[in-house]
Every structure is written in structure tokens, then in C-alpha cells.
Amino acid sequence: MVTPYDLSHEGGVNRHVQALAAALTAEGHEALVLGPASGAVPAGCHGLDGVVPVRANGSVARIGLLTSARTTRRWLDERGFDLIHVHEPLVPGPGRQALGWARRHGQPVVATFHASAERELPVQTLLRRAASAGLSRIDYGIAVSRQAKAFSRAVFRGRTAVVPNGVDLTRFTAALARLPAPGPHRRPRVLFVGRFGERRKGFGLLLEAAERLAVAGRAVEVRVAGSGPVEPYARRAAAAGVTFLGRLDDEPLAAAYREADLFCAPSLGGESFGMVLVEAMAAGCPVVASDIPGYAEAARGAALLVPPGDAAALAEGLWRAATDGALRVRLAERGRARAATLCWTRVARHVARIYAFAAARRAGDADGAAPRRRAR
């Protein structure tokens, strides 16, 4: 599996790739991860030099823009792979280089499209189409959501299955079992998890919603787990009852979920699926989120959705869920059920069926039955 993003930095695509590799390994396959890296990499991954930070989609993408194609080819030559799985095949770097290597060696290729956008400027569409050279070499496409599939159609028209992101249902289970029940707290407690410094994640909107509630005598306590610059928000955060926890490992994050009344994902857009929602639901935390396509598809009725970019609507939704115990119970129950349908074991088995079909197609057995859609 080839990721275009810096393996030394955590991100949604890298979490997906590493978790899928682990799930495939647990199913008896051998899965290795290749990608650019600026430092140490997780177990099971191999890092290549050449990382360059590039602004994209309201964030900074650390990609292997300067990764040596010769180094990538040499690494692939030294290992006897049956199949290459490229994630985000439009992004320059090792993934594009792996596509070229597979074309020369006749290897089957699967590609996963993660990205999506509610709106795209014409020039952006043209640039994506210009970057699509070589995608015809892909034997089977995967999109993490219906929206991501629609977004990919401008550049790839081949057979594509929608296989959602998975969730590790055991990630918080042991930690949650060890934790004591949370004690009483005066204000409703709202948890935000993510890179709060990125505008599209909507933290500024959550801060404004908390300020509105405080002015109306409905103060909530907001806890923020994740990375970002605290200083620009410090003064407003103090007045609005916001506490920054920093980046948390699994056990303290499990404790944060256990102690929260609600989980809030107020993103403004640019989310193809919403893995953070599913992780919160797996931890049993009721979810209030923006009503954007990726989040709606992830939640499937298991979250309270509010109009994106509307601080007043977000404040009202938070207060409604915070003060309605029966609603929180329903959301938590539906959330656990939804997360159970997205466990990595199910996702990995579906992906393995796609691998088998892609390999058969590359071998000339194009008449074989396509894998049935089982992950939803």
C-alpha cells in the first residue's frame, strides 16, 4: 500500500492505510506500507525522503513531492508483491511512481480515492484532469464514500466500489472498561477532537456557539483534544469555558469520551466521510455534527446534524442534546450500532475480495464476477 502523505505525521489517510494494513495482516495477508517520511515511521511502514509541505483544501498536506522515483522503484523491485494499492493516486510522489512501476511490470493495481469537495473551481477541475494521466492503469477503484466516488468521476471512470473507512472497535474498549464512571459536573461537557487550527474543522464556529450559549445563561464546558496553535483562541476560550487538552493517546482520549456529554464535529466542509464521528460513536459518545455530505453518510441517522457554518444553529443543537437525556441515549445506541457495521475486519475482507478480482482481471480473467458490495 502506498500513501502520498508523510508517515511521520498523523492524518486521516495515513490512519486509514495503517489500520487497513493491520486488518489485512490479521486476516492472513502480508501488507506493507510505503510513503514519504520526514522522521520515524510506525511499525510495518517504510519511509522515503522528499517530504514537502503544500497548502491544499484548507490545510497543509505533507507529501513526497521530492521523493526519488529511482528509490521508489528500487524498493518495489526488491519485494515480490502480488498487488499494488495506491491511496490518493492523483497526488504526486511515491503513489504516482508506483503506478508507473506497476504498469511496466504488469502488476494489478487498486486505488482508493479519499478526497471530496462540495465545491471546486473550474481551474481546480482542470488541474485534477491534467494530473489523471496513468489512471487507466488502475484495475479497480475504491472510494471511501459516495461523495468521494462522485468527486473521483472527473478523473477516473473505471469500476469503483464504495468501501467506507473502518473503525477499530477495540481501540477504546479496554480503556473504557478500566475507567471509573465520570463524576457529576456542573455544566454540560462538549468534546472536540482534531486539528483545531485548520479553519475547515470549524473550531472557531464551536467557540462562537459556546460564547452564544454563555451569553444566554446556558454555559457549556468545551474540551479540545488535538493539535493546533492555542494562542489565537486563548482569550475567547477562557471566557467561553474552553479547555485545551493537547493531543491525547488512546487511554486519556477514552477518558475524555467517557467524561463528555456530547461530541461535536462542526466542520465547514471538505470531509469525504467523517472518521472522527465514527470513532466517537464507537466510544459511545453522542454526536452533534455539521450536516455536510461526508458526515451525513458516516452517521446514517446516528448523529444530530445542524446546518454547517451556522453558529446559532450549532448552539441550539448542542443545548438541545445536552439537556435531553433521552436524545443522548438514542444517539449513543444508534452510534454504537453504526460503528459496529464499519469494523476494520469487515472492511478488510471486502477490500481483499476487490484485490482478488483486480488480480484476476490483470491475469486475463476479466469475466470473473465482481466482488459483491457488503460494507455499508
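Predicted model, so just to flag it, every value in this text is computed and none were measured.

(A) Molecular detail of the overall build of the protein. A tally of regular secondary structure across the protein gives 14 helices and 14 strands. Compactness check: the protein gives a C-alpha radius of gyration of 21 Å against a globular reference of 21 Å for 376 residues, within 12% of the reference. Seen through its principal axes, the protein has C-alpha atoms that stretch 65 × 35 × 35 Å. In the protein, which comprises 376 residues, the share counted as buried stands at 52%. Split by element, the accessible area of the protein, about 16900 Å² in all, is 51% carbon and sulfur. Taking the 51 positively charged and 33 negatively charged side chains of the protein as two groups, their mean positions are separated by 4 Å.

(B) Looking closely at the packing of helix H2 (residues 69-77) against helix H3 (residues 94-105). In contact at an axis separation of 9 Å, H2 and H3 are set at 55° when each is read in the N-to-C sense. With respect to each other, H2 and H3 are oriented oblique. The chirality of how H2 crosses H3 is right-handed. Mapping the contact onto sequence places Ala-69, Thr-72, Arg-73, Leu-76 and Asp-77 in H2 and Pro-94, Gln-97, Ala-98, Trp-101, Arg-104 and His-105 in H3.

(C) Broad picture of the sheet that holds strand E7 (residues 140-143). Strand order in the open sheet made by the four strands is E5-E6-E7-E8, with parallel pairing throughout. Two strands bound the open sheet, and with one partner strand each, they are strand E5 (84-87) and strand E8 (160-162). Across this sheet, the average inter-strand angle for adjacent strands is 25°, counted without regard to direction. Two strands pair when backbone bridges link them, and E7 and E8 are joined in this way by three bridges, in the parallel orientation. For Ile-142, the partnering residue across the bridge sits in E8 and is Ala-161.

(D) Local environment of the packing of aromatic side chains. Scanning the entire structure with this criterion turns up ten aromatic pairs. Each ring, one from Phe-113 and one from Phe-156, has its centre 5.6 Å from the other, and the planes form 25°; the classification is stacked. Taken together, the residues span a long stretch of sequence, with Phe-113 in strand E6 (residues 109-113) and Phe-156 in the loop between helix H5 (146-152) and E8 at a distance of 43 residues. What makes Phe-113 buried here is its relative accessible area of 5%. Measuring from centroid to centroid gives 5.6 Å for Phe-196 and Phe-203, while their planes differ by 55°, and the two rings are tilted. Neither residue differs from the other here; Phe-196 and Phe-203 are each classed as buried.

(E) Highlighting the pattern of salt bridges. Applying the stated rule across the entire model yields 21 salt bridges. Between Asp-6 and Arg-62 there is a salt bridge whose closest N-O contact spans 2.9 Å. Separated by 56 residues along the polypeptide, Asp-6 in the segment before helix H1 (12-26) and Arg-62 in strand E4 (residues 59-63) bring together distant segments of the chain. Of the residues examined, Asp-6 reaches a relative accessible area of 2% and is grouped as buried.

(F) Summary view of the side chain of Asp-261. The topology assignment puts Asp-261 in the loop between helix H9 (250-259) and strand E12 (262-265). Of the side chains bearing the opposite charge, Arg-328 lies closest to the buried Asp-261, which forms no salt bridge; the N-O distance is 4.7 Å. There is a polar contact of 2.7 Å between the side chain of Asp-261 and the backbone nitrogen of Arg-189.

(G) Region of interest: unusual backbone geometry. Although it is not a glycine, Glu-88 adopts a positive phi angle of roughly 50°. The residue Glu-88 is located in the loop between E5 and H3 in this model. Of note in this structure, Arg-300 is not a glycine but carries a positive phi near 50°. Among the secondary structure elements, Arg-300 is positioned in the loop between helix H11 (293-299) and strand E14 (304-306).

(H) Geometry of the side chain of His-114. As for its placement among the helices and strands, His-114 is situated in the loop between E6 and helix H4 (122-130). Judged by its relative accessible area of 7%, His-114 is buried. Residues in contact with His-114, not counting those within four places in the same chain, are Val-13, His-16, His-87, Glu-88, Val-144, Ala-148 and Ser-272.

(I) Representation of the sheet that holds strand E11 (residues 242-246) in the model. The six strands lie next to each other as E11-E10-E9-E12-E13-E14, forming an open sheet whose pairing is parallel. With one partner strand each, in any of the chains shown, E11 and E14 form the two edges of the open sheet. Averaged over all adjacent pairs, the angle separating strand axes in this sheet is 25°, with direction ignored.

(J) Main features of a positive patch on the surface. A contiguous patch of positive charge, built from Arg-70, Arg-73, Arg-74, Arg-103 and Arg-104, is present on the exposed surface. With three residues, H2 is the single largest residue contributor to the positive patch. Within the element layout of this structure, Arg-104 appears in helix H3. Under the relative-accessibility criterion, Arg-104 is labelled exposed at 53%.

Conventions and cut-offs
- Residues numbered from 1 in each chain as written.
- Predicted model: local features only at pLDDT ≥ 70, side-chain atom pairs only at ≥ 80, totals over all residues.
- Heavy atoms only, no water.
- Helix = DSSP H or I, 4+ residues; strand = E, 2+ residues; numbered from the N terminus.
- Rg over C-alpha atoms; globule rule 2.2 N^0.38 Å.
- Buried < 20%, exposed > 50% of the residue type's maximum accessible area, 1.4 Å probe, protein only.
- Areas by Shrake-Rupley, 256 points an atom, 1.4 Å probe, with all protein chains shown as cover.
- Lys, Arg positive; Asp, Glu negative; His and termini not counted.
- Charge placed at Lys NZ, Arg CZ, Asp CG, Glu CD.
- Axes fitted to C-alpha atoms, helices over the stretch in contact; angles between N-to-C directions.
- Parallel < 35°, antiparallel > 145°, perpendicular 65-115°, else oblique.
- Left-handed = near helix turned anticlockwise from the far one by under 90°.
- Contact = heavy atoms within 4.5 Å.
- Pairing = 2+ DSSP bridges.
- Phe/Tyr/Trp six-rings, centres within 6.5 Å; stacked < 30°, edge-to-face > 60°.
- Salt bridge = Lys/Arg side-chain N within 4 Å of Asp/Glu carboxyl O.
- Polar contact = N/O pair within 3.5 Å; in protein donor to acceptor, adjacent residues only side chain to side chain.
- Patch = residues over 30% accessible without salt bridge, like charges linked within 9 Å, V, L, I, M, F, W, Y side chains within 5 Å.

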